[in-house]
Amino acid sequence: MWRLSSVRHKAVPQGRSLEEFKLMRREHEKVLRSARKDNLLVSKRLLLCEDEDETPMDAASGDQVVHLVQKLQQSGQEKETHLKALSGSLRNPSAQTVFIKHENSMHLLVGLLSGSQAQWRLLALQCLHELSQSHQPNVTLACVPATPYLLTYLSGQSTKLTELCLYTLGNLCPGSDVVRDKLLAQGIIPALKNCMESQRSSLAVVEAVGFTLSQLLQAKDAAEKITPAVLASGLPSLLRSVLSPDPQFGLAPAIECAWCLHYLTCSTVGSSALRADGTLSRCSSLLVALGGAVSKGTKEEGMELLVWPLLRSVGNLLSSGPPGAMGSQGGDLLPALCALARAFLPSHPALARESAWVLNNLTADSSELCTALLDLNLVPELIQLLPFSQGINTMLLRVLGNVAHQTKRSCSQLARAGLVPALCATLRMSEPDVVALSLEVLFMLVAGCPQAAEEFVGQNGVALLEAVQYNGDGEIRQRAAHLLEHQLPAPPTTTYQHTSCSTTYPRSTSWSTTYPRSTPPGAPPTSTPPGAPPTPPAHLLEHHLPPQHTSWSTTYPPSTPPGAPPTSTPPVAPPTPPAHLL
């Protein structure tokens, strides 16, 4: 029988501290997330013809590709057969490279694309579509001479040809900055708008327009070059009109258009314009409808793909807008968000977190919606989700902090809803963010509701806070110490009977003579005289924790993939605390 000397994935490398190991792991995860974003930015789609399947063909050699090109250069009745064979061969990356390097090959393809034979034109476009699947920049650049014809055919009457042109353009957009700039100069945005207006009855074409536009809007310089042009073209109103899913065609067109709206809300200019023309109200109404359907047990396949961009659009618009931007509609959105978080928690935990993120942005600086959250009895549902990690509990703690910040009555209602035992559980968790937020919410709760402080002490909260004082984060230790010394009722002192004398030891008396609780590890002893109470840190002297909900409102950048946490906006100065906490 044998055993490993150490568990490899848990062992700390020799000569390195645990903090260094954690830092290396975070940097590695950051690189992986960045690579995932880059992969999403260059996503491609393959549109198959009716007589084709997705089964990969045998790899064509370079000589076979050259032979097919030579056959196509000759006149004859077999051109259609050779074009079909070439289209299948171009699925091989090595064949694509051979094709673009062969003399006059792209000139031949563009000639067939612009010819009068409709079937040859469609097959030549299929070959170009196969080339657009390539991730090689030189192959993408070789397709540039064909882009004027692709844009011209967007105004044609053939739905099949238009759809194939759109997906080819969408594949070419993220491949190269040069190609994207060429398409913008050639007028791709007005062409997409005219195509969407003329083909409103064809939802397949509308879906393809949404895909191509979303590919454009994911560019790194989209906020400066592309978003203003899209807003000026009138496309957002067309995108909003497609958000209602079609019962026969499905959710695909609504999903693509919703992602376009999300990318537009990621810029400051786009957010202000979309908020003014009713996008916030439209997306919120659809979320309310989806939340109502989910609460009744009706969950259509792929519904989460539509919920995701809608949540991000609403969250971004709330983050960049004034407080109370939702008005009375926010009261209807609260139960819908709770229903979505509860329904998608088992299958898509990241979607539950983003529902909580929108709840946070919705309740930040809004006493009306915080009161509605209590009146609708939604707090117990949120408390039930606090044990779940992956960012769900941190977002929900922020929501509860927004509510606790309002009034003493809010704190009393939170305590009656069972928040104190839930905070005792979150304080035992290992995530530093969860512990820090739990301390902030606990402070506001006990400051506004003395009964909550007594309940916390009765649940062995003093011992829990004393354990938190061993946390590696200095600010967490300071907050725990402040709660112990200034906010919680002191427990009765313990008297020890000796044969010679009776000595009473109040809590923490011996600790305060040398190292105050606010002293970080490794700092020299202070000169505090024996018996003097420790001076609390400056940020705790006001007897309140700085309310954080103004800096908790966050926005998703355009390149963030589904499931990634929202990025925090730069922190601002904390607002003046309410009178009941001073």
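Residues numbered from 1 in each chain as written. Predicted model: local features only at pLDDT ≥ 70, side-chain atom pairs only at ≥ 80, totals over all residues. Heavy atoms only, no water.

**So, the overall build of the protein chain**
Operational definition: Counting from the N terminus, the helices are the DSSP runs of H or I reaching at least four residues and the strands are the DSSP runs of E reaching at least two. Accessibility here uses a 1.4 Å probe with only protein chains present; expressed as a share of the type maximum, an area under 20% marks a residue as buried, one over 50% as exposed, and anything in between as partly exposed. Every residue pair with non-hydrogen atoms within 4.5 Å of one another is taken to be in contact. A 1.4 Å probe and the Shrake-Rupley method give the accessible areas. Residues count as covered only by the protein chains that appear here.
Scanning the protein chain from terminus to terminus reveals 31 helices and 2 strands. Looking at the protein chain as a whole, 49% of its 582 residues are labelled buried. A separation of at least 24 residues holds for 72% of the contacts in the protein chain among residues at least 6 apart in sequence. Accessible area of the protein chain: about 27600 Å², with a carbon and sulfur share of 54%.

**Focus on the state of the cysteines**
How we decide: Only a pair of cysteine sulfur atoms within 2.5 Å qualifies as a disulfide here.
As enumerated under the stated definition, the model contains 0 disulfides in all. Free cysteine Cys-165: the closest other cysteine sulfur is in Cys-195, separated by 9.2 Å.

**Section: the packing of aromatic side chains**
Counted only if it meets this: What counts as a ring pair is set by centres within 6.5 Å for rings of Phe, Tyr and Trp (its six-membered ring), and what kind of pair is set by the plane angle: stacked under 30 degrees, edge-to-face over 60, tilted for all other angles.
Tallying each qualifying case throughout the model produces 2 aromatic pairs. Summarising the aromatic geometry, the rings of Tyr-167 and Phe-211 are spaced 5.4 Å apart at their centres and angled 35° between planes, so their arrangement reads as tilted. Residue Tyr-167 is located in helix α9 (residues 159–172), and its partner Phe-211 is located in helix α12 (residues 203–217); the two are separated by 44 residues in the primary sequence. Each member of the pair Tyr-167 and Phe-211 is classed as buried.

**What to know about helix α5 (residues 105–113)**
Turn by turn, an α-helix covers 3.6 residues, leaving residues three or four places apart pointing in a common direction. Judged by how many residues are buried, α5 sits mostly within the fold: 7 of 9 residues are covered. Along α5, the residues classified as buried are Ser-105, Met-106, Leu-108, Leu-109, Val-110, Leu-112 and Leu-113.

**With respect to the pattern of salt bridges**
Keep this limit in mind: By salt bridge we mean one thing: a side-chain nitrogen of Lys or Arg within 4 Å of a carboxyl oxygen of Asp or Glu.
Scanning the model with the defined rule gives 11 salt bridges in all. For Glu-381, the salt bridge identified is with Arg-342, shortest N-O distance 2.5 Å. Note that Glu-381 is positioned in helix α23 (residues 379–384) and Arg-342 in helix α20 (residues 329–344), a separation of 39 residues in sequence. Through salt bridges with shared partners, one network takes in Asp-181, Asp-221 and Lys-225.

**Points about helix α30 (residues 474–487)**
This is how the line gets drawn: One less than the number of residues in a helix, times 1.5 Å, gives the span that helix is expected to have. Think of a polar contact as two N or O atoms within 3.5 Å of one another; within protein, one of them needs to be a possible hydrogen donor and the other a possible acceptor, and neighboring residues in sequence only count if both atoms come from side chains.
The terminal C-alpha atoms of α30, which comprises 14 residues, lie 19 Å apart, in line with the 20 Å expected from a rise of 1.5 Å per residue. Among the 14 residues of α30, 10 are classified as buried, and the element is accordingly described as predominantly covered. Taken as a whole, α30 has its buried residues at Ile-476, Arg-477, Gln-478, Arg-479, Ala-480, Ala-481, His-482, Leu-483, Leu-484 and Gln-487. In this structure, the buried residues of α30 make contact with α27 (432–448), α28 (450–458) and α29 (461–468). One side-chain oxygen at the N-terminal end of α30 lies 2.9 Å from the backbone nitrogen of Glu-475; it belongs to Asp-473.

**Structural notes on the packing of helix α11 (residues 188–198) against α12**
To be explicit about the condition: Lines fitted to C-alpha atoms define the axes here, with helix axes fitted over just the stretch in contact, and angles between the N-to-C directions of these axes take values from 0 to 180 degrees. Oblique is the label for any angle not covered by the other classes, which are roughly parallel (under 35 degrees), roughly antiparallel (over 145) and roughly perpendicular (65 to 115). Crossing handedness is read from the near helix: turned anticlockwise from the far helix by less than a right angle, it gives a left-handed crossing, and turned clockwise, a right-handed one. The nonpolar class holds Ala, Val, Leu, Ile, Met, Phe, Trp, Tyr, Cys and Pro. Asp, Glu, Lys and Arg form the charged class, and all remaining residues, Gly among them, are polar.
For the pair α11 and α12, interaxial distance at closest approach is 10 Å and the crossing angle is 160°. The pairing of α11 with α12 is recorded here as roughly antiparallel in orientation. Read as a crossing pair, α11 and α12 show a hand that is left-handed. Together, Ile-188, Ile-189, Leu-192, Cys-195 and Met-196 of α11 and Val-205, Val-206, Val-209, Thr-212, Leu-213 and Leu-216 of α12 make up the contact between the two elements. Taken together, the residues of the contact of α11 with α12 break down into 10 nonpolar, 1 polar and no charged.

**Details of the environment of Met-395**
Structurally, Met-395 can be placed in helix α24 (residues 392–404). As a C-alpha pair, Met-395 and Asn-361 span 34 residues in sequence and 9.9 Å in three-dimensional space.

**Observations regarding the confidence of the model for the protein chain**
The test is simple: Here pLDDT means the predictor's own confidence in every residue, given as a number from 0 to 100.
Per-residue pLDDT for the protein chain has a mean of 78; in total, 74% of the residues score no lower than 70. Here strand β2 (residues 502–505) stands out as the element of the protein chain with the lowest mean pLDDT, 29, in contrast to α11, whose mean of 95 is the highest. Counting contacts from residues 567–582, a segment whose pLDDT is below 50, to residues more than four positions away or on other chains yields 33 contacts.

**What to know about the packing of α24 against helix α25 (residues 408–416)**
Relative orientation of the contacting elements α24 and α25 amounts to 135°, with a least axis distance of 8 Å. With respect to α25, the axis of α24 lies oblique. Together, Leu-400, Val-403 and Ala-404 of α24 and Ser-410, Cys-411 and Leu-414 of α25 make up the contact between the two elements. In terms of residue class, the contact of α24 with α25 is made up of 5 nonpolar, 1 polar and no charged.

**Structural notes on the side chain of Thr-162**
On the secondary structure map, Thr-162 appears in helix α9. For Thr-162, a relative accessible area of 0% corresponds to the buried category. A polar atom in the side chain of Thr-162 sits 2.8 Å from the backbone oxygen of Ser-158.

**Quick word on the nonpolar core**
To keep it simple, the criterion reads: Definition of nonpolar core: a set of buried residues of the types Ala, Val, Leu, Ile, Met, Phe, Trp, Tyr and Cys, connected through side-chain atoms within 4.5 Å.
Counting residues in hydrophobic clusters, the biggest one holds 160 residues, and the most contacted among them are Phe-99, Leu-128 and Leu-465. Here this core gets 10 residues from one element, more than from any other, and that element is α27. Residues in contact with Phe-99, not counting those within four places in the same chain, are Val-65, Val-69, Leu-86, Leu-90, Ser-105, Met-106, Leu-109 and Leu-131.

**A few points about unusual backbone geometry**
A positive phi is found at Asn-104, a non-glycine position, where the angle reads about 65°. Along the chain, Asn-104 turns up in the loop between α4 (93–101) and α5. With relative accessibility at 45%, the residue Asn-104 sits in the partly exposed group. Phi is positive for Asn-460, close to 65°, though the residue is something other than glycine. Within the secondary structure layout, Asn-460 lies in the loop between α28 and α29.

**Some thoughts on the environment of Arg-91**
Locating Arg-91 in the fold gives a position in the loop between α3 (79–89) and α4. Residue class for Arg-91 comes out partly exposed when judged on its relative accessible area of 24%. In the structure, Arg-91 is positioned 41 residues away from Ser-132 in sequence and 10.0 Å away in space, judged by C-alpha atoms.

**Things to note about the environment of Asn-360**
Within the secondary structure layout, Asn-360 lies in helix α21 (residues 349–363). On a C-alpha basis, the gap between Asn-360 and Arg-398 in space is 6.3 Å, while along the polypeptide they are 38 residues apart. A distance of 3.3 Å separates the side chain of Asn-360 from the side chain of Asn-361, its partner in a polar contact.

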